[in-house]
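Architecture at a glance
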Amino acid sequence: SQLNTARHCVWTPISDDTALLLHYLVEAFRVTNGAFNPFLLPALVNAGYSHSLTGNATVSLPHSASWHATAADLEIQHTSTGWQARLLNGATVDPGGIGKGLAADIVAEQLMTLHARGVSVSVGGDLRCMGTPSDAEVWPVNIEDAEHPTHITASVLIPSGGVATSSTHAKRWHMGTLMQHHVIDPVTGQPTSPNAPDALHTATVIASTAVWAEVFATALLVSGEKIGAELLA
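As a starting point, this report considers the structure included with it. Since the structure is predicted, the reported quantities are computational estimates derived from the model, not experimental observations.

1. Thoughts on the sheet that holds strand β1 (residues 12–13)
Hydrogen bonds along the backbone pair up the strands of a sheet, which may run parallel or antiparallel. The sheet built from three strands is open, its strands ordered β1-β3-β2 with antiparallel pairing. The two strands at the open ends of the sheet, each matched to only one other strand, are β1 and β2 (74–79). One ladder, built from two bridges, connects β1 with strand β3 (residues 82–87); its direction is antiparallel. Residue Thr12 lies in a different strand from β3, and its bridge partner there is Ala85.

2. Observations concerning the packing of helix α5 (residues 210–223) against helix α6 (residues 225–232)
Relative orientation of the contacting elements α5 and α6 amounts to 145°, with a least axis distance of 7 Å. Considering the relative orientation of α5 and α6, their crossing is right-handed. Of α6, the residues touching α5 (which contributes Phe216, Ala219, Leu220 and Ser223) are Glu225, Ile227, Gly228, Ala229, Leu231 and Leu232. Along the lines of polarity and charge, the residues of the contact of α5 with α6 split into seven nonpolar, two polar and one charged.

3. Quick word on α5
Counted at 1.5 Å a residue, the expected span for α5 with its 14 residues is 20 Å, and the 20 Å between its end C-alpha atoms agrees. Among the 14 residues of α5, 13 are classified as buried, and the element is accordingly described as predominantly covered. Gly224 occupies a position one or two residues after α5 and carries a positive phi of about 90°.

4. Description of the pattern of salt bridges
By the definition in use, this model includes five salt bridges. Put simply, Glu109 and Arg128 hold a salt bridge, and the shortest N to O gap is 3.2 Å. In this pair, Glu109 is assigned in helix α4 (residues 98–113) and Arg128 in strand β5 (residues 126–131), connecting sequence segments 19 residues apart. Classification of Arg128 as buried rests on a relative accessible area of 7%. Of the charged contacts, one joins Lys226 and Glu230 as a salt bridge, the two residues approaching to 3.0 Å between their closest N and O atoms. In this pair, Lys226 and Glu230 both sit in helix α6, four residues apart, roughly one turn of the helix. Ionic contacts of the salt-bridge type, sharing partners, join the residues Asp105, Glu109 and Arg128 into one network.

5. A short note on the sheet that holds β5
Spatially, four strands are ordered β4-β5-β8-β11 in an open sheet, and the strand pairing comes out antiparallel. In this open sheet, the two edge strands, each paired with only one partner strand, are β4 (118–123) and β11 (202–207). The sheet shows a mean angle of 10° between the axes of neighbouring strands, taken without regard to direction. Relative to β5, β4 runs antiparallel, the two sharing six bridges. Bridge pairing links Val123 to Asp126 in β5.

What counts and what doesn't
- Residues numbered from 1 in each chain as written.
- Predicted model: local features only at pLDDT ≥ 70, side-chain atom pairs only at ≥ 80, totals over all residues.
- Heavy atoms only, no water.
- Pairing = 2+ DSSP bridges.
- Helix = DSSP H or I, 4+ residues; strand = E, 2+ residues; numbered from the N terminus.
- Axes fitted to C-alpha atoms, helices over the stretch in contact; angles between N-to-C directions.
- Left-handed = near helix turned anticlockwise from the far one by under 90°.
- Contact = heavy atoms within 4.5 Å.
- Nonpolar A, V, L, I, M, F, W, Y, C, P; charged D, E, K, R; others polar.
- Expected span 1.5 Å × (residues − 1).
- Buried < 20%, exposed > 50% of the residue type's maximum accessible area, 1.4 Å probe, protein only.
- Salt bridge = Lys/Arg side-chain N within 4 Å of Asp/Glu carboxyl O.

Here it is in structure tokens:
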């Protein structure tokens, strides 16, 4: 939040974990050709997602904030006093689901260094499994139906890794009579259209880590079935 509201080009001190998060944001933008775009916060606010769905907190952005920013507008450096970052050209950062995935990865990896035999960590639905369960050789993971959360749409068995689901059904709200959701098309700056060719409503990805599972689940939703499948390949 301090980074997003800092004056133009001012370096902001950040923690080691935040520096790791920002490095992942830049890399995710690069490897998905911008399909995973962490610079769309102003567009998300303009679409109506400007306040908490469960409280009174609101998002405050500088007037110069622009959703047209790219990874080149985020700079990170390490100095004698620690990590710092700055944003250029009206950029803001919104980690989105990648923050949940990275948190699950960090906690799971730390628990394994403390000699846990097996760990399964879920943060907001992003799952990271390491080691082995106490009663099996692999981890069973149930994937819920995004439209009907009490229903299981698929079950998978993984030896280790991350699982993440991204869906246009997850966060929705009305702006007048228009139904909006939180998955923003980086080309238009608007919520992705359910009527677009190859449009997807839900995507689940299994990857080596939860953070990469989340990156590609979001990239799939944004890109659509055909381009998203090529991106995964």
